[in-house]
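Residues per chain are reported as follows:
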Amino acid sequence: MPAIFPRWTNNIPIAIGVLAPLVGAGLVFAVAYWFSPRYTDVGYRPEQPVPYSHKLHAGDMGIDCRYCHNTVERSAHAAIPPTATCMNCHEQVKTESLRLRKVRESYQTGEPIEWVRVHQLPDYAYFNHSAHLAAGVGCASCHGRVDKMVVVEMVQPLSMGWCLDCHRNPEPNLRPLDQVTNMNWDPAAEDYDPKRDPARTRQVNPPLHCSGCHR
Amino acid sequence: MAYARRGLRAPKAAEREQAATMALLLLGLALAGCWGNPSDEPPVHLQQNMDFQERGEAQERNDFFADHRVMRPPVPETVAVGHLKEDDHMWRGRLPNGALADALPAGLELGPALLDRGQKRYDIYCQPCHGEMGYGDGPATRRGGGFAVKPANFHQDKFRPVPLGYFYDVATNGKGSMKGYKSQIPVEDRWAIAAWVRTLQVASNAEPSDVPEQAAAAMADQRPRRIQ
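The rules behind the values
Residues numbered from 1 in each chain as written. Chains lettered and ligands numbered in written order. Predicted model: local features only at pLDDT ≥ 70, side-chain atom pairs only at ≥ 80, totals over all residues. Heavy atoms only, no water. Helix = DSSP H or I, 4+ residues; strand = E, 2+ residues; numbered from the N terminus. Buried < 20%, exposed > 50% of the residue type's maximum accessible area, 1.4 Å probe, protein only. Contact = heavy atoms within 4.5 Å. Areas by Shrake-Rupley, 256 points an atom, 1.4 Å probe, with all protein chains shown as cover. Domains from an automatic or database assignment. Buried area = accessible area lost by both parts, 1.4 Å probe. Salt bridge = Lys/Arg side-chain N within 4 Å of Asp/Glu carboxyl O. Polar contact = N/O pair within 3.5 Å; in protein donor to acceptor, adjacent residues only side chain to side chain.

Draft legend 1. The arrangement of the overall build of chain B in detail. The helix and strand inventory of chain B stands at eight helices and two strands. Along chain B, helices (α) and strands (β) appear in the sequence α-α-α-α-α-α-β-β-α-α when read from the amino end. For chain B, the residues scored as buried account for 28% of the 228 residues in total. Long-range contacts, defined here as pairs at least 24 residues apart, represent 45% of the contacts in chain B between residues at least 6 apart. Here chain B displays about 16400 Å² of accessible surface, and carbon together with sulfur accounts for 57% of that area.

Next up, the structure:
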């Protein structure tokens, strides 16, 4: 009886033995790399309806974040400023600029400018800006150097693992309570010990239990 | 062929195939992208897992309402419970006789804490235009052709005799081409800012003899020695 399988099929088990782990490792790598929020979310930089630049306003002119995001210390949500806030200045400077046409229109009609949202947690996760600022976590720890961005971009994955990395060991990310909006404050250069800061009246205690963030 | 001209030998077919595979692989990687590549495409999440639910979040768009705003403006001519601004001194900076008050309202106490708060809030909300020291030369006025109407200089003589309530009133309702800040700054902070503007005025016009003895001693220690 002639052989059913030709001779070369003897190599199949070896080939499978060699290739399967390779393919498996490749798959694991692909999922870990390309399904990670560090790939899917970080770097999201939508084009905005008005070419507003944080680099110009917050960086070069040094306007404090809270001039525009004024609710950030008092509430969970950091308010995107209404058109009226822009008009505080833009009724006086660059009054004819074409780039500000939408701002002027919005001010006249009362229709809000529809800014494209950059950072967005899933609706089942709870986040609160005021709690983090009161604990002395700076904007730069979570949003990066916004004062160098012409267009706002996501620099952190905002994943649960990222939240927990800090919640387990918040100390390196803490700064003096009046430096939270200071983009130039460098934790590495500054020798700051939160335990010895007299302005802090209590130890920070970030939640690690599920209901802290899924409430 | 380009290769030949530079004195190189032509690649063999196998080498060409190899190069093509490598180029394809690299291209594939480049297309697939790396962590953190900027992109204006919204993030793709294959598993949506109730990421977005029927819920209104602050400042979101919502088509349920005719004006598409989730955050509902208050009904005209109504006042929410607990939001009646009864205290004239606190909310309007005025005494019962209608004149501008020259003192802080009851409940706010002049002291280092209030002035510190005032300075920090001034540096956020007023400094961009009026400048750190109040001379009307803030960073926003020095760019893009400058302001059509210059922000006021608080050290002008006409602002010396004005009552404290005046600064509160301007910070709240604006004046001339300056807009009011009542929606941006809470009421206590506006009083703290007013107190800080007064402090700047006093400081710019002070004599060495105005400094209390204790503070003067501390200052003398810190003052850099002049080289004679």
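Draft legend 2. Focus on the domain arrangement of chain A. Partitioning chain A into structural domains gives domain 1 (7-35), domain 2 (54-78 + 120-212) and domain 3 (81-114). Between the C-alpha centres of domain 1 of chain A and domain 3 of chain A the distance comes to 59 Å.

Draft legend 3. Looking closely at the environment of Met90(B). One can find Met90(B) in helix H3 (residues 88-92). Not counting the four nearest positions on each side in its chain, Met90(B) is found in contact with Pro105(B), Ala106(B), Tyr168(B), Val187(B) and Trp191(B).

Draft legend 4. Region of the structure containing the interface of chain A and chain B. With 49 residues of chain A in contact, the opposing surface of chain B contributes 48 residues. Carbon and sulfur atoms supply 50% of the area buried between chain A and chain B, which totals about 4100 Å² over both sides. Of all residues in chain A, Tyr67(A), Gln92(A) and Asp123(A) give up the largest surface area on contact with chain B, accounting jointly for 18% of the area buried on that side. Where chain A packs against chain B, one counts seven salt bridges. Of the charged contacts in the structure, one is a salt bridge between Glu57(B) and Arg117(A), with a shortest N-O distance of 3.5 Å. In this structure, the connection of chain A to chain B is made through 26 residue pairs in polar contact (both at pLDDT 80 or more). For the side of chain A that touches chain B, the secondary structure elements donating two or more residues are helix H1 (11-34), helix H2 (37-40), helix H3 (54-60), helix H4 (65-68) and helix H5 (83-90) of chain A.

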